[in-house]
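Working through the structure, step by step
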Amino acid sequence: MAYIVLFWGGMVLVVVGAIVWGVLAEKKRREALAKTVEELGLRLASDLEDSDRKMFDAYQLAQQGHSRQASNVIVADSGELRMVLFDYLYKTNSGKNSTTYKQSVVLVRSPALRMPEFTISPEGFFHRILAIFGVKDIDFEEDREFSDNFLLQGAQEQEVRSYFNAQRRKQFANHAELLLESRGESFLYYRPRYRWNADGIKQAMEQAFEVYRTLSAP
């Protein structure tokens, strides 16, 4: 009996310890992010602004799971280009089967963007299996390397094909790890289950701008 009590007592301590560690780690991370953002002349907010939230809610990522939450929001806005970087969390299922997904996300919008709606992500073995069951992937026979590395989808296939000309396909080789969604004058991208640390903020902004140049080029 004593062993059972000690066992469950130890389990409770482990769970409580994990929760406390997680809270402290998040607090430390936010403090580091705030310091870096201040050095960049920007500010760190706790949630998305209403206009950004409304735009984000139209994306597929924002419609997955439940208990959705945005945090650690950084906004850089030049007037012509608005870049919103933030952490995003959502859960699937519930109880002991619940899974929490966390990733850093970048939302970019600009009137210079004129894109069809599409999603593009790294193509893996699982996607090739899904293709057998009819999941559509827009391939380019003249560019097998691109088609083998990326899963490209869009309702208006001909518009997406025209948009992904040889130059854009070549440039996307530099962003092979990203999952990107386009909605005309804005796009959203992230690496699933990846969050940047404070030292990665500047690099994330530079990458966002590089993706923007790729997508807005004539």
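Quick look at the structure, then. (Residues numbered from 1 in each chain as written. Predicted model: local features only at pLDDT ≥ 70, side-chain atom pairs only at ≥ 80, totals over all residues. Heavy atoms only, no water.)

**Concerning the nonpolar core**
For clarity, the cut-off: Among buried residues, those of type Ala, Val, Leu, Ile, Met, Phe, Trp, Tyr and Cys that are joined through side-chain atoms within 4.5 Å constitute a nonpolar core. Here the term buried applies to any residue with accessible area under 20% of the maximum for its type, exposed to any over 50%, and partly exposed to those in between, with areas from a 1.4 Å probe on protein chains only. Secondary structure elements follow DSSP: runs of H or I of four or more residues count as helices, runs of E of two or more count as strands, with numbering from the N terminus.
Ranked by internal contacts, the top residues of the largest apolar core, which has 36 residues, are Phe-118, Phe-164, Phe-187 and Leu-215. Take this core: its biggest share by element is seven residues, from helix α7 (residues 201-216). Residues Ala-70, Tyr-90, Leu-107 and Leu-188 belong to the second largest nonpolar core, which totals 16 residues.

**As for the environment of Gly-41**
Mapped onto the elements of the fold, Gly-41 is located in the loop between α1 (2-39) and β1 (44-45). The exposure class assigned to Gly-41 is exposed, which follows from its relative accessible area of 60%. Between the alpha carbons of Gly-41 and Ala-76 there is a distance of 9.4 Å; along the sequence they are 35 residues apart.

**Remarks on the layout of surface pockets**
Operational definition: Cavity means a closed set of points on a 1 Å grid over the protein atoms alone, one where a 1.4 Å probe fits but cannot get out, pocket means an open set with protein on both sides within 12 Å along at least 5 of 7 lines, and lining means a residue has an atom within 4 Å of a point. Grid points are joined across faces, edges and corners, and a volume is the space filled by probe spheres set on the points.
If you add up the space inside the second largest pocket, you get close to 230 Å³. If you trace the second largest pocket, you find 14 residues lining it, with Arg-191, Tyr-194, Trp-196, Ala-204 and Gln-207 closest to the centre. Counting only elements with at least two residues in the lining of the second largest pocket, the list comes to β4 (99-109), β8 (186-190) and α7.

None of the figures reported here should be taken as evidence of function without further support.
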